[in-house]
Structures are given as C-alpha cells and as structure tokens.
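Chain by chain, the residues:
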Amino acid sequence: MFNQNHSHLAARREQISRIVVTAQQMRNIEERIFTKGMPVAALMEKVAGLITRRIIELYPLSQVSRIGILVGPGHNGGDALVVARELHFQGYQVAVCSPFSKLKDLTSQHAQYVKILEIPVHESLEPLAECDLFIDGLFGFGLERSLSSPVDQIVNQLNEWSQPVVSIDLPSGLHTDTGEALGTAVQATHTFCLGLWKLGLLQDQALDYVGAAELIDFDLPLTDIQAILEAPKIQRITPQSAIATLPLKRSPVTHKYKQGHLLLICGSRRYTGVAILTGLGARASGVGMLSIAVPESIKPLLSAQLPEALIIGCPETESGAIAQLQLPEKTDLSSFDAIACGPGLTVDAKPILQEVLDSDRPLVLDADGLNILAQMGTTQTLQHRQASTVLTPHAGEFKRLFPDTVDPTKDRIAAVRAATEQSGAVVLLKGARTAIAQADCVWVNPESTPALARGGSGDVLTGLLGGLIAQATSKDIPLVEIVASAAWWHSQAGILAADERTEMGVDAFTLTKYLMFVVSRFS
Ligand SMILES: NC(=O)C1=CN([C@@H]2O[C@H](COP(=O)(O)OP(=O)(O)OC[C@H]3O[C@@H](n4cnc5c(N)ncnc54)[C@H](O)[C@@H]3O)[C@@H](O)[C@H]2O)[C@@H](O)CC1
Ligand SMILES: [K+]
C-alpha cells in the first residue's frame, strides 16, 4: 500500500513538472477549482505556507533577519502579505512596501491584518533599504500592461540594490506568456513558480530576470488541469521523458545494421573540424553504423579521427565543397536509416541538398543545409519531401528560413509553432531554452548552460540527433520526442562539463566526451 502511494506521488510529480501553461490556461484551471468549492483564501494560505517554508530553508534566520516584502494590488500581493505575516511569526523583522491604494478584497484584508500585527507598511521602497532579502509580490500572472510610475521606479531601485530577491510566481513585470519585460521587471535571485510552470519562464528573453526557478506544487488536481489543457500541448523536457526515448536496452542478439545506419554529409576544405565534430556527436549516439561523406581532400583527416566510420571521399568544387555525392558501389541514399546534412558544407554544395531532399529518408538539416534551403524557399521545397525533415536553426537561421512568421526573438514558442505548421518539418529552435515543435506538440528544454554558446557545439548536436533518429526507425517513437531527447542530452552534457571545467572549459570536442556520462548518470 505504502509503495503504491509512493509511486503514485512520484508519477504525479513527473506529470506536473512537464506541464507548461499560459496565463489564460492558469486562470481557467484556477476558476475551475474555485467553482468546485476550493475557497480562494484557503488556497492562498496553503500556497503562502509552502513559499514561507522554502524561504526559511534558503534564508534561515541565522543568516538573514530583515526581510522587505513588495505587495501589489492582486492576489500575488495577497500571497506576499501572508508570507510577510508568517515570516514575522517565525521571528524575522519584516517590513512591507505597498505602493497601491486600491487592493483586491482578500489582499486588502491581509494588508489590514499585518498592520494590526504592527508590521510596518510603507508606500515607498526607501524605508526598506536596510533589508537583507526581498520578496517580490507585486504582480503574478495578472499583469496586463507595462509597469508605470511609481512601481517602475520601485522595481528599478530594487534592481540597483544588490540584495537577493525571491519573486512569487513570476518576476514582476514579465509577461506571463512571452517572458518579455513590460517596461521594466524585477531581476530575481529565485523565482517560485506556483502550481504549474508558466510559459514565459521558459522563454530566452526572461532568463536575465528569473534567476533560479523552482516549482511550488500546491496539489492542483490533474483532472482539472487536463480538462483545461487541450492542444497545442507545451511540455517541459524532464530527465525521465528524455531517457525513455533513448535507444537503451539493446537486444542481446542485435547486430550493427539493426542499430541504425546514419549518413552524415558535412564539411569542406575550409571547415574540416566541423565535420569531425559532427562525426563525434554521431559516435556518442551509439549508432550502429556511421558513414560520413566529405570532400575527397579531407578524407584522411576524418579517417584518423573516426576510425570506426566509413569515410566517403567525394569529388569537390574548386572552393573545396562537396561537388557531388559519390556513394560506394551498390549503395544509394535509401541504404541509410537517416541522413544529417549541413555543417560546414558552404553554400557551394547546393546540388547535394537537392539530392538529399529528394530521398525518402528522414533528414536532419543544419547550418549550411538550412542556408541553402532558405535560398531555395523553405515551405515550397519541403512540400515535395516524402519523409520527415528536422530543421535545427538558431534565431538568425530561423529568420532566413521563415522570414514571414513570428519573430523568434519576441516569442520563441509561437515562432516554432508557426514554423512547423508552415513547413510540416520538426523545427528545433536553438537557444538557452531550446524549443522543439511538430504539429501541435511543443517541447521546451528547461535547463542549459551558456558554456554551449560556442562554435562547434551545434555540429555536435546535429551528429547526435542524426544518430538517434537512425536508431529509432524501427521503433514507434514520435520524431519530435527523439529530437527533444537529443536537445536535452546535449545540454546536460554541457552542464556536466561546465560543472567540472567551468563555463570556459567546454569546447565542442570536450562536449562530445561528456555525452556518455549523462546517460550513465540518469539511467
Ligand atoms: N493560480 C492559482 O491557482 C493561484 C494564484 N495565486 C496568486 O495569484 C496571482 C494572480 O492573481 P491576480 O489575478 O490577482 O493577479 P496579480 O496579482 O498578478 O495582479 C493583478 C492586479 O494588478 C492589476 N494590474 C495589472 N497590471 C498592472 C500594471 N501594469 N500596473 C498596475 N496594476 C496592474 C490588475 O488590475 C489586478 O488588479 C498569481 O500570480 C499567484 O501569485 C495564489 O494566491 C494561489 C493560487
Ligand atoms: K511576483
């Protein structure tokens, strides 16, 4: 009985940690449980109790004694006032800054009560200058417009001080869905996201404000969540979701051809190292057979670095790009389980791209593969494909591929969604929070490291991804999930390497060495 409950709780935690919601969806979920009878005030008490417990863990009274609480007009402010009261009872010196004259009823009641408890309440921030820690309860998912005076000045002042800030639900000033700072926004040290992950916290533009983000689960019933969340579904990648997709647990009687055959087409005389890194990424995927097509002149270099791979030397253009694919006898593109094409090709390799697009194999396109595709016209070119295509652009390549769609620097999730809808491809938009979309399914990678912002790390991802897709052809796993797993694996290797070697120590070659440690650590 005990074990059953335990595993039930673990399964719930996993499900909750994958869900991502918009402000409107959160409002609807909240409405639904209030309509069913959960009292608003009781939920606020519960949530604020959980927040208080976590603050005390992070900032015990022995280290922090004076806490400033910023209170907004809505229920985010209400949460903050309950936290103020509870911290006061725990022995902290608490002072409140409440710059709004009009508060929602419940918030107003809590404001009255903290005054009765003789907790000082000020309209301005200055009297709180001596505080060691701040709790930001100005706005949560109810923020509707840019911060205006005097709140914007309060936020700017808070950001200028160097004390730690814990933001309740979201850093105040951030748009709940796009993560954009509306005018200005609190730069938090920690963000305690309440109930379910808000989409804005997973957008790159929010990351300078969010600090260390964690979810405070307050037991929203899954049935009520699922009743509100219809497609498109946005999900956070978790270690469990990623590992479940990897080609682990091989059959004891398998052989190399059953473990996938990947063809990489990459490199030029100018970009030799890129081809090597792509090959090393593919190697780390565990793919059964690896063939790499490169210009003839760089074949010896590739053979030296990747002795297990079949290196196919191809005729080259004057500029040192692959001029035509010259596959070994009795081999054509349909001999492979997947093709990954693009890193280091240069745009002189255009004819190659047409050839792989015409094949009936799953295809990953990256780097120059994407640049050539953009020149050809993304949507009309991909219309003719007979198999799946995965595009892995960064924001610049994305704009070239999809010039008439949502700007990926403004709303990355809306952008990948529009791109997959237009092109039919699986689109992976690289960034600090890489987003992957296919049809109405979106995955976001919630953890990464700036150590990966370095030449060559994308080439490693292309190889890794190609290798995973080649191994998955016989399995019934949605392609978008394989792509999500590759993104997660790649970033976790970066995190692991940065932990050991600092963020400066993660060159792309080193990254390939850390890939295998990720899987052994999590599986
Ligand atoms: N979703 C849930 O289940 C729960 C939500 N709770 C809290 O409630 C919050 C949401 O509460 P609310 O809907 O009251 O929203 P907020 O507390 O985010 O604030 C909305 C209020 O601010 C005003 N406002 C919006 N933008 C403004 C601006 N730029 N300048 C000045 N005023 C502005 C609105 O008119 C409204 O009165 C959550 O973020 C969370 O902190 C928790 O109390 C408990 C559970
Ligand atoms: K807040």
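The shown structure was predicted, so the numbers you read here are calculated from the model rather than taken from an experiment.

Peer 1: Hey, could you run me through a nonpolar patch on the surface in this one?
Peer 2: Together, F89, Y113 and I116 give the surface a local cluster of nonpolar side chains, amounting to about 340 Å² of exposed area. Tracing the sequence through the fold places F89 in helix 4 (residues 75–89). On the basis of relative accessibility, which here comes to 48%, the residue F89 falls in the partly exposed class.

Peer 1: Got a minute to help me understand the coordination of the potassium ion (ligand 2) in this structure?
Peer 2: Expected angles at a metal are 109.5 degrees for tetrahedral coordination by four donors and either 90 or 180 degrees for octahedral coordination by six donors. In this structure, N76 (OD1), D136 (O), F139 (O), I168 (O), L170 (O) and S172 (OG) serve as the protein donors to the potassium ion (ligand 2), at separations of 2.6 to 3.0 Å. One way to put it: the 6 donor atoms around the potassium ion (ligand 2) meet at angles of 69 to 170°, and that makes the site irregular. Sequence positions of the donors to the potassium ion (ligand 2) reduce to the motif N-x59-D-x2-F-x28-I-x1-L-x1-S. One end of the pair, F139, is in the loop between strand 5 (133–137) and helix 6 (151–160); the other, I168, is in strand 6 (residues 165–168), with 29 residues separating them in the sequence. Comparing F139 with I168, the two get one shared label, buried.

Peer 1: Help me out: how do you make sense of the UniProt feature "domain: YjeF N-terminal" (unreviewed entry) in the protein in this one?
Peer 2: Mapped onto this numbering, the UniProt entry gives "domain: YjeF N-terminal" (unreviewed entry) at residues 26–226. The straight-line gap between the two end C-alpha atoms of residues 26–226 is 11 Å; of that span, 37% is helix and 17% is strand.

Peer 1: Just to check I follow, could you spell out the pattern of salt bridges for this structure?
Peer 2: Note on pairing: side chains with opposite charge can pair once their charged atoms come close. Applying the stated criterion across every chain, the model contains 19 salt bridges. For R18, the salt bridge goes to E14, with nearest N and O atoms at 2.7 Å. Here E14 and R18 lie together in helix 1 (residues 2–18), a separation of 4 residues that amounts to about one turn. Under the relative-accessibility criterion, R18 is labelled partly exposed at 23%. With relative accessibility at 13%, the residue E14 sits in the buried group.

Peer 1: Please explain the packing of helix 12 (residues 350–358) against helix 13 (residues 368–376) as it appears in this structure.
Peer 2: Geometry of a packed helix pair, given as the angle between the helix axes and the separation of the axes. Helix 13 packs onto helix 12 with a crossing angle of 85° between their chain directions and a minimal axis gap of 10 Å. Relative to helix 13, the element helix 12 is oriented roughly perpendicular. Here K350, L353, Q354 and L357 of helix 12 come into contact with helix 13, specifically with G369, I372, L373, Q375 and M376. A class-by-class count of the residues in the contact of helix 12 with helix 13 yields 5 nonpolar, 3 polar and 1 charged.

Peer 1: Could you clarify how one ought to interpret the UniProt feature "binding site: K(+)" (unreviewed entry) in the protein in this entry?
Peer 2: The feature "binding site: K(+)" (unreviewed entry), as given by UniProt, occupies N76, D136 and S172 in the numbering adopted here. Sequence-wise these annotated residues cover 97 residues; spatially they are packed, their C-alpha atoms never more than 9.4 Å apart. Structurally, N76 is set in helix 4. In contact with N76, other than residues within four places in its own chain, are D136, G137, L138, F139, G140, I168, D169 and S172. Among the secondary structure elements, S172 is positioned in the loop between strand 6 and strand 7 (190–194). Using a relative accessible area of 0% as the deciding quantity, one classes S172 as buried.

Peer 1: Sorry, what's going on with the pairing of strand 6 here?
Peer 2: Note on strand geometry: in a regular strand, side chains alternate between the two faces of the sheet. On strand 6, burial covers both faces: V165 and S167 on one face and V166 and I168 on the other are all buried. Alignment of strand 5 against strand 6, held across 3 bridges, turns out to be parallel. Counterpart to F134 in the pairing with strand 6 is V165. Relative to strand 7, strand 6 runs parallel, the two being bridged by 3 bridges. Each residue of the ladder has a partner; that of I168, found in strand 7, is F192.

Peer 1: For this particular structure, what's the right way to read the packing of aromatic side chains?
Peer 2: Taken as a whole, this structure holds 5 aromatic pairs when the rule is applied. Centre to centre, the rings of W488 and F522 are 5.1 Å apart; their planes meet at 70°, and the pair counts as edge-to-face. With W488 in helix 18 (residues 479–501) and F522 in helix 19 (residues 508–522), this pair connects stretches of sequence that are 34 residues apart. Among the residues examined, F522 registers a relative accessible area of 34% and is labelled partly exposed.

Peer 1: I keep staring at the domain arrangement of the protein and nothing clicks. Help me out?
Peer 2: Where the parts come together, the accessible area they lose is often given as the size of the interface. Under the domain assignment used here, the protein contains domain 1 (2–228) and domain 2 (239–522). Taking only C-alpha atoms into account, the centre of domain 1 sits 40 Å from that of domain 2. Each side of the interface is counted separately: domain 1 has 9 residues, and domain 2 has 13 residues. The contact between domain 1 and domain 2 buries some 980 Å² in all, and 56% of this surface belongs to carbon and sulfur atoms. For the domain 1 face of the interface with domain 2, the top three residues by lost area are L202, Q203 and D204, together amounting to 46%. For the pair domain 1 and domain 2, the interface holds 1 salt bridge. Across the salt bridge formed by R412 and D204, the nearest N and O atoms sit 3.5 Å from each other.

Rules used throughout
Residues numbered from 1 in each chain as written. Chains lettered and ligands numbered in written order. Predicted model: local features only at pLDDT ≥ 70, side-chain atom pairs only at ≥ 80, totals over all residues. Heavy atoms only, no water. Patch = residues over 30% accessible without salt bridge, like charges linked within 9 Å, V, L, I, M, F, W, Y side chains within 5 Å. Areas by Shrake-Rupley, 256 points an atom, 1.4 Å probe, with all protein chains shown as cover. Salt bridge = Lys/Arg side-chain N within 4 Å of Asp/Glu carboxyl O. Helix = DSSP H or I, 4+ residues; strand = E, 2+ residues; numbered from the N terminus. Buried < 20%, exposed > 50% of the residue type's maximum accessible area, 1.4 Å probe, protein only. Donors = N, O, S within 2.8 Å, 3.2 Å for Na, K, Ca; no water. Tetrahedral: all angles 85-135°; square planar, octahedral: opposite > 155°, others 65-115°. UniProt positions renumbered as here; feature names shortened; annotations may be inferred. Axes fitted to C-alpha atoms, helices over the stretch in contact; angles between N-to-C directions. Parallel < 35°, antiparallel > 145°, perpendicular 65-115°, else oblique. Contact = heavy atoms within 4.5 Å. Nonpolar A, V, L, I, M, F, W, Y, C, P; charged D, E, K, R; others polar. Pairing = 2+ DSSP bridges. Phe/Tyr/Trp six-rings, centres within 6.5 Å; stacked < 30°, edge-to-face > 60°. Domains from an automatic or database assignment. Buried area = accessible area lost by both parts, 1.4 Å probe.

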